[in-house]
Amino acid sequence: MRTFEQISTLRTYLRAVRQERKTVGFVPTMGALHAGHLSLVQRAKSDCDVVVASIFVNPTQFGPKEDFAKYPRDTSRDMQMTANAGVDALFLPPVEEMYPSNFQTWVEVEKMGESLEGAVRPGHLKGVATVVTKLFNIVQPDIAYFGQKDYQQFLVVERLARDLNLPLTIQMVPTFRETDGLAMSSRNAYLSEAERTAATLLSRLLALAGSRVQEGVHSASQLHKELTAVVAAEPLATLDYIALVHPDTLQPVEDLGAGVTLVALAIRIGNTRLIDNALIAPEGVSLPRPRVSRGV
Ligand code: AMP
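Sequence order as written defines residue numbering, which begins from 1 separately in each chain. Where local features are concerned, this predicted model is filtered to residues with pLDDT of at least 70; where side-chain atom pairs are given and counted, the filter is 80 or more; whole-chain, interface and lining totals use all residues. The side-chain numbers reported here are obtained from all heavy atoms of the structure, hydrogens and water having been left aside.

S.K.: Sorry, what's going on with empty space enclosed by the protein here?
M.R.: The gaps left among the atoms become clear once a water-sized probe is rolled over them. Grid spacing is 1 Å over the protein atoms alone, the probe is 1.4 Å, and a cavity is where that probe fits but cannot get out, while a pocket is an open set with protein on both sides within 12 Å along at least five of seven lines and lining residues have an atom within 4 Å of a point. Grid points are joined across faces, edges and corners, and a volume is the space filled by probe spheres set on the points. According to the stated counting rule, one finds one cavity of 30 Å³ or more in the structure shown. A volume near 40 Å³ is recorded for the largest cavity. Lining the largest cavity are Val 27, Thr 29, Leu 33, His 37, Val 41, Ala 53, Ser 54, Ile 55, Thr 82 and Leu 90. Numbered from the N terminus, helices here are DSSP runs of H or I no shorter than four residues, and strands are runs of E no shorter than two. Mapped onto the lining of the largest cavity, the elements with two or more residues apiece are β2 (24–29), α2 (35–47) and β3 (50–55). For the lining of the largest cavity, the leading source of residues is β3, giving three residues. Put simply, Ala, Val, Leu, Ile, Met, Phe, Trp, Tyr, Cys and Pro go in the nonpolar bin, Asp, Glu, Lys and Arg in the charged bin, and everything else, Gly too, in the polar bin. Of the residues that constitute the lining of the largest cavity, the class distribution is six nonpolar, four polar and no charged.

Right, here's the structure in full:
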């Protein structure tokens, strides 16, 4: 595996790759890697000739009171994991490489970035959209891979790629889970043993939502009430939001019988904020395959 800290040397490497007419898959991450990240790498390897991953804890997507300083960082372990997973090139830029002094240009996706995470974490999705656009311009991948776990992030990236005419395909990869259902996340490392047990709350809520709609509960406000009561019964949990929204627009839905709905959750377990989501559908309606958006 080749590693690069500078944009210029990565570009030189990628120029040679493209001259050989090889396709490039790209997996952007913030490091502290786990099996969820590696599932994106696996998918990229099966689709593309060369796989580039990046590890960059992007300061601009953290709010002033968020965990940028204490976000888990373990570069040597991450390098071993990516090398073992067959990543060809790992991009590890220092902050000054991505944000030199006098940086002043931002990418902001309006409507898609305003609800859910955008409403609770002001500036977060603008930071994500900006760094992803920069990384796309640096790597110029054929296909970029993002996890369903950050569903709204996927829609924001899909939107900006279309709106800015970026010539790449954006592929969603299903959420990779622990055996008890907890979605893998770098932030799971913050959980105490008791919190780790309580954290299965999120996947239990998603499973409950899926079975309730199959059983014929088609009122979103009814289902919301039921899910909220389950959260209230868990002493270590504080609810940020439970959203029942359209999977393309993220606009609230009321009739769950009308088609596929996205259930998106943000819940604090102790001091750790966890998110998760799932698509649910009434009986007779099948769930879609993972989303893919082809460049135009
Ligand atoms: P992060 O390092 O948290 O910024 O995540 C980097 C990429 O990995 C994003 O596209 C995430 O959606 C994806 N990802 C994180 N956790 C998981 C998971 N459990 N399953 C699938 N993808 C994930």
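S.K.: Before we go on, may I ask you to explain the sheet that holds strand β9 (residues 272–280) in this structure?
M.R.: A pair of strands counts as paired when DSSP detects no fewer than two bridges linking them. In spatial order, the strands read β7-β8-β9; together these three strands make up an open sheet with antiparallel pairing. Both outer strands of the open sheet, β7 (237–245) and β9, are each paired with one neighbouring strand and no more. Each strand of the sheet is rotated relative to its neighbour by a mean of 15°, with strand direction disregarded. Pairing analysis gives eight bridges linking β7 to strand β8 (residues 261–269), with the strands arranged antiparallel. Among the inter-strand pairings, Leu 239 is bridged to a residue of β8, identified as Ile 267. Against the sheet, helix α9 (residues 201–214) contacts β7, β8 and β9, and its axis sits at roughly 20° relative to β9. Orientation is described by axes fitted as lines to C-alpha atoms, over the contacting stretch for helices, and by angles from 0 to 180 degrees between their N-to-C directions. Any two residues having at least one pair of non-hydrogen atoms within 4.5 Å are treated as being in contact.

S.K.: Honestly, the sheet that holds strand β6 (residues 169–173) in this entry has me stumped. Any pointers?
M.R.: Strand pairing in a sheet is mediated by backbone hydrogen bonds. Such pairs are either parallel or antiparallel. Here we have seven strands laid out as an open sheet, ordered β1-β4-β3-β2-β5-β6-β10, and mixed in their pairing. Lying at the two open borders of the sheet, with one neighbouring strand each, are β1 (2–4) and β10 (292–293). Bridge count for β3 against strand β4 (residues 89–91) is three bridges, and the pairing is parallel. Paired with Val 52 across the strands is Ala 89, a residue of β4.

S.K.: Hey, could you run me through the pairing of β3 in this one?
M.R.: The two faces of a sheet get side chains in turn, since along a regular strand they alternate between them. In terms of burial, β3 is largely enclosed, as six of its six residues are buried. Where β2 meets β3, six bridges bridge the pair, whose relative direction is parallel. Of the residues in β3, the one forming a bridge with Val 24 is Val 50. We call a crossover right-handed when, viewed with the strands running away from us, the connection from the first strand over the helix to the second turns clockwise. Regarding topology, α2 serves as the crossover connection from β2 to the parallel β3, and that connection is right-handed. Each parallel crossover has a hand, and the one from β3 via helix α3 (residues 75–85) to β4 is right-handed. Think of it in three bands: with a 1.4 Å probe and only protein chains considered, a residue is buried below 20% of the maximum accessible area for its type, exposed above 50%, and partly exposed in between.

S.K.: Can you walk me through the site of the ligand in this structure?
M.R.: Think of it this way: one heavy atom of a residue within 4 Å of a molecule or strand is enough to make that residue near it. Within the structure, the ligand sits among 16 residues, and Met 30, His 37, Asp 150, Phe 176 and Met 184 are positioned closest to it. Between the ligand and His 37, the relevant distance is 2.9 Å, taken from an oxygen atom to a side-chain nitrogen or oxygen of the residue. N or O atoms within 3.5 Å of each other form a polar contact, as long as, within protein, one can give a hydrogen and the other can take it, and as long as residues adjacent in sequence are counted only when both atoms are side-chain atoms. At 2.6 Å, a side-chain N or O of Asp 150 approaches an oxygen atom of the ligand. Within the complex, the protein chains bury 92% of what would otherwise be the 480 Å² of accessible surface of the ligand. Of all elements in the fold, only β2, α2 and β5 (143–147) reach the threshold of two or more residues within the shell around the ligand. Partitioned by chemical class, the residues of the shell around the ligand number seven nonpolar, seven polar and two charged. Here the accessible surface of atoms and residues is derived via Shrake-Rupley with a 1.4 Å probe, and residues count as covered only by protein chains that are part of the display.

S.K.: Explain the pattern of salt bridges here, please?
M.R.: Proximity of charged atoms lets side chains of opposite charge pair with each other. Salt bridges are counted wherever a side-chain nitrogen of Lys or Arg sits within 4 Å of a carboxyl oxygen of Asp or Glu. Following the criterion strictly, the structure yields 15 salt bridges and no others. A salt bridge links Lys 22 to Glu 20; its shortest N-O distance comes to 2.8 Å. According to the relative accessible area criterion, Lys 22 is partly exposed, its value standing at 34%. Arg 121 serves as the salt-bridge partner of Glu 66, at 2.5 Å between the closest nitrogen and oxygen. Taken together, the residues Glu 66 in the loop between β3 and α3 and Arg 121 in the loop between α5 (117–120) and α6 (124–139) connect sequence positions 55 residues apart. Among the ionic contacts, a cluster of salt bridges with common partners joins Glu 66, Glu 117, Arg 121, Asp 240, Arg 268 and Arg 273.

S.K.: How should helix α1 (residues 7–19) be read in this particular structure?
M.R.: For the α-helix, the turn length of 3.6 residues means that residues three or four positions removed from each other point alike. Each residue after the first adds 1.5 Å to the expected span of a helix. End to end, α1 covers 18 Å across 13 residues, agreeing with the expected 18 Å (1.5 Å per residue, within 8%). Residues Ile 7, Leu 10, Tyr 13, Leu 14 and Val 17 constitute the buried set of α1. Viewed along the axis of α1, the buried residues span an arc of 130°, placing them on a single side of the element. The inward-facing, buried residues of α1 contact β1, β2, β3, β4, α4 (95–98) and α6. Of the residues one or two after α1, Arg 21 is the one with positive phi, at around 60°. By arc we mean the arc of the directions from the helix axis to the C-beta atoms, nothing more.

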